[in-house]
Amino acid sequence: MVDPMLASTFYRSGGDSLMLRRRIPQEGEGKLNWLRIFTGNSNPELVKKICEALQTSLGKSVVRFFSDGEINVEIHESVRGMDVFVIQSLCAPVNDNLMELLILIDALKRASAERITAVLPYYGYARQDRKVLPRAPISAKLVADLITTAGASRILAVDLHAGQIQGFFNIPVDHLFAAPVLLEYLKQLRDDIVIVSPDAGGVERARAYAKRIDASLAIIDKRREGPNVAQVMNIIGDVSGMSAVLVDDMVDTGGTLVRAAFALAEKGAKSISACCTHAVLSGQAVKMINESPIKEMIVTDTIPLREEAKSCPKIKVLSVSGLLADAIRRIYEDESVSCLFV
């Protein structure tokens, strides 16, 4: 006879049918009584904010390095039958953070966790999503296979570099966008805003932002007119006398963004801001941004900022902790997450 307190749902992974039990809280139990959150060392501040938003505590674990560089994971509480969420940004040092994630998932699987969701605020290797040269790897697919093989039951990611990466996984993927967080801030700016895509590949994203805040749209077209000729940046659209906002999913070295900012300044933009979800900011990126016409750069906390970036007066950080906390709660309670996909 089936226990009335257990509602069963089935999913298929790797050809095997597994049963997940959604436990309905009994009187006196907490609503998130069967939820556990764990993390590695990649983004502790974001995880702390998520736990505060969910009003739950972080799972007891230790993730450390042996003297030879191997990663050691210890889970210090029972997770048997639990719905576990492992939050880990695959940012620098990307290979260490990836291995921490894989070993954490393996440890939780062997500890009989009922379902393991890998929460990836930033998905490393996402730019290697296709073969751009002969004999090149598709590393984004390899990372997806590794996470699935380690034992993840589902994925929760924020602003994947290419939406098609969802298809690299043979498990459910919930793909969130940081746009609601960024747009809430952009709405506070003046009315004469023009949203600018720094390259042709980001036009769809920029158009979506412009539509949501009823702003105009401009596109920067980069091209070389011949060998050994400097790159020419043509601007499609009117930016003269406007408050230009460059929109991208990530900023790495900052070269494209800064060159776009100078091009906008030459075309008479009144002020220039930039916003992105993932502030990778490697190399000399912070220095270049400081020396550029960019007045303000709005980023989220999917990746923790280096000290140099934290001290940069031009960089403003918005948190996606509320967005991720809401998604985690909805997944745990088997509610729809689609309302967050905007």
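As the structure is a prediction and not an experimental result, all values here were calculated from the model.

## As for helix α2 (residues 94–110)
So, step 1. Here α2 spans 24 Å end to end across 17 residues, near enough to the 24 Å set by a 1.5 Å rise per residue.
So, step 2. Turning to α2, its buried residues are Asn97, Leu98, Glu100, Leu101, Leu102, Leu104, Ile105 and Leu108.
So, step 3. The inward-facing, buried residues of α2 contact β3 (35–39), β4 (61–65), β5 (71–75), β6 (83–87), β7 (115–120) and α3 (139–150).

## Looking at the sheet that holds strand β8 (residues 154–158)
So, step 1. One open sheet accounts for 5 strands, arranged β3-β6-β7-β8-β9; its pairing is parallel. Each edge of the open sheet carries a strand with a single partner, namely β3 and β9 (173–176). Within the sheet, the average angular offset between the axes of one strand and its neighbour, ignoring direction, is 20 degrees.
So, step 2. Pairing geometry for β6 and β7, over 5 bridges, is parallel. Directly across from Phe85, in β7, lies its bridge partner Thr117.
So, step 3. Contacts from helix α9 (residues 321–332) reach β3, β6, β7, β8 and β9 within the one sheet, and its direction differs from that of β8 by about 160 degrees.

## Observations regarding the confidence of the model for the protein chain
So, step 1. Summing up the model confidence of the protein chain, the mean pLDDT is 89 and the portion of residues at 70 or higher is 88%.
So, step 2. Low pLDDT, under 50, characterises residues 1–20; the stretch is placed with 26 contacts to residues that sit more than four places away or in other chains.

## Brief notes about the packing of α2 against α3
So, step 1. Put simply, α2 and α3 touch, their axes get as near as 8 Å, and they point 25 degrees apart. On the basis of their axis angle, the class for α2 and α3 is roughly parallel. Residues Leu98, Leu101, Leu102, Ile105, Asp106 and Lys109 of α2 lie in contact with α3, whose contacting residues are Val143, Leu146, Ile147, Thr149 and Ala150.
So, step 2. For the contact of α2 with α3, a count of residues per class yields 8 nonpolar, 1 polar and 2 charged.

The rules behind the values
Counting starts from 1 at the beginning of each chain's written sequence and moves along it residue by residue. Since the coordinates come from a predicted model, pLDDT governs what is reported: local features require at least 70, and pairs of side-chain atoms require 80 or more to be given and counted, while whole-chain, interface and lining totals use all residues. Side-chain numbers here rest on the full set of heavy atoms in the structure, without hydrogens or water. Numbering of helices and strands starts at the N terminus; helices are DSSP runs of H or I of at least 4 residues and strands are runs of E of at least 2. A helix is expected to span 1.5 Å for every residue after the first. Here the term buried applies to any residue with accessible area under 20% of the maximum for its type, exposed to any over 50%, and partly exposed to those in between, with areas from a 1.4 Å probe on protein chains only. Contacts were defined at the residue level, with two residues in contact if any of their heavy atoms lie within 4.5 Å. Between any two strands, pairing holds if DSSP finds at least two bridges. All axes are obtained by fitting lines to C-alpha atoms, using only the stretch in contact for helices, and the reported angles, taken between N-to-C directions, cover 0 to 180 degrees. Values of pLDDT, which run from 0 to 100, indicate the predictor's confidence residue by residue. Roughly parallel here means an angle under 35 degrees, roughly antiparallel means over 145, roughly perpendicular means 65 to 115, and every remaining angle is called oblique. Each residue gets one label: Ala, Val, Leu, Ile, Met, Phe, Trp, Tyr, Cys and Pro are nonpolar, Asp, Glu, Lys and Arg are charged, and the others, such as Gly, are polar.

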